[in-house]
Amino acid sequence: MPTLILVRHGRSTANTAGVLAGWTPGVALDERGTAQAAALPGRLAALPLTAAVTSPLQRCQETLAPLLAARPELPLHTDERIGECHYGDWSGRKLAELADEPLMRVVQQHPSAAAFPGGESMRAMQARAVDAVRDWNARIEEEHGADAVYLMCSHGDIIKALVADALGMHLDLFQRISAEPCSVTAVRYTQLRPFVVRLGDTGDFGSLAPREEGSGEGRTGDADEGRTGDAEVGRTGDAEVGGGAGAP
């Protein structure tokens, strides 16, 4: 079965603003995110990619633009099933405000029971993303063979949920996984089990350094679309919605 390269979009304007973007339109890459996207073709140069699949959201499409320019022959497909979690009424709100919501504790400690008001449950988010990967695995193998490599550009919580599935972890443990902006995660699928062969690889270890006092940033840096995923890991033990934004 194929090897899947999961790329999280580059850092976005919502990340730096501390806003939970979700499916809010018009959320673009910020200056750092644009630089991260520009470096992606070089990072993936050794991989014989057969196809790219992207979330329909602007920040993912912008992340893949330099790669597609460098590889004009690479087929691009859009799949809504790997789009960001539908955060419903939480979309567009500041993460600092959401931290006091009772639901945030559920999102952090028991995400399989969490459903966003006016949005979807985290179980539904994982299920649709896993279904998408299974479908694309079958399609890529049929068209390109069992040793094919393909790419998906998606979002922090989606990638973390897919990694949890690949590792055989319950969704309630997925907040232990981190996927920084423009990080690369690789999963090699076989008939019997998946193998996670890369996890959240950015090639940069700066985000592991202790934060400076008074900097206002957690160890994983700015806030992602929201972090049901990585908010100030190591300080509060919680993960911000959307997977965390990484170091600036």
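Preceding this section is the structure that the text describes.
Residues numbered from 1 in each chain as written. Predicted model: local features only at pLDDT ≥ 70, side-chain atom pairs only at ≥ 80, totals over all residues. Heavy atoms only, no water.

*Asks:* Describe the side chain of T3, naming the residues involved and giving the relevant values.
*Replies:* Mapping T3 onto the fold places it in strand β1 (residues 3-8). Looking at T3, its side chain comes within polar contact range of the side chain of R188, at 3.4 Å. With residues near it in sequence (within four places) discarded, T3 still touches A148, V149, Y150, V187 and R188. (Helix = DSSP H or I, 4+ residues; strand = E, 2+ residues; numbered from the N terminus. Polar contact = N/O pair within 3.5 Å; in protein donor to acceptor, adjacent residues only side chain to side chain. Contact = heavy atoms within 4.5 Å.)

*Asks:* Explain the packing of aromatic side chains to me, and be specific about the residues and the numbers.
*Replies:* Taken as a whole and assessed by the stated rule, the structure comprises two aromatic pairs. Each ring, one from Y87 and one from F116, has its centre 5.0 Å from the other, and the planes form 90°; the classification is edge-to-face. Here F116 lies in the loop between α5 (102-109) and α6 (122-144) and Y87 lies in the loop between β3 (76-78) and α4 (95-98), a separation of 29 residues in the sequence. Accessibility classification places Y87 together with F116 in one group, the buried group. Centroid distance W90 to F116: 5.3 Å. Interplanar angle 65°. Geometry classified as edge-to-face. Of this pair, W90 sits in the loop between β3 and α4 while F116 sits in the loop between α5 and α6, placing them 26 residues apart in sequence. Residue W90 shares its accessibility class with F116, and that shared class is buried. Counting every residue linked through ring pairs, the aromatic cluster contains Y87, W90 and F116. (Phe/Tyr/Trp six-rings, centres within 6.5 Å; stacked < 30°, edge-to-face > 60°. Buried < 20%, exposed > 50% of the residue type's maximum accessible area, 1.4 Å probe, protein only.)

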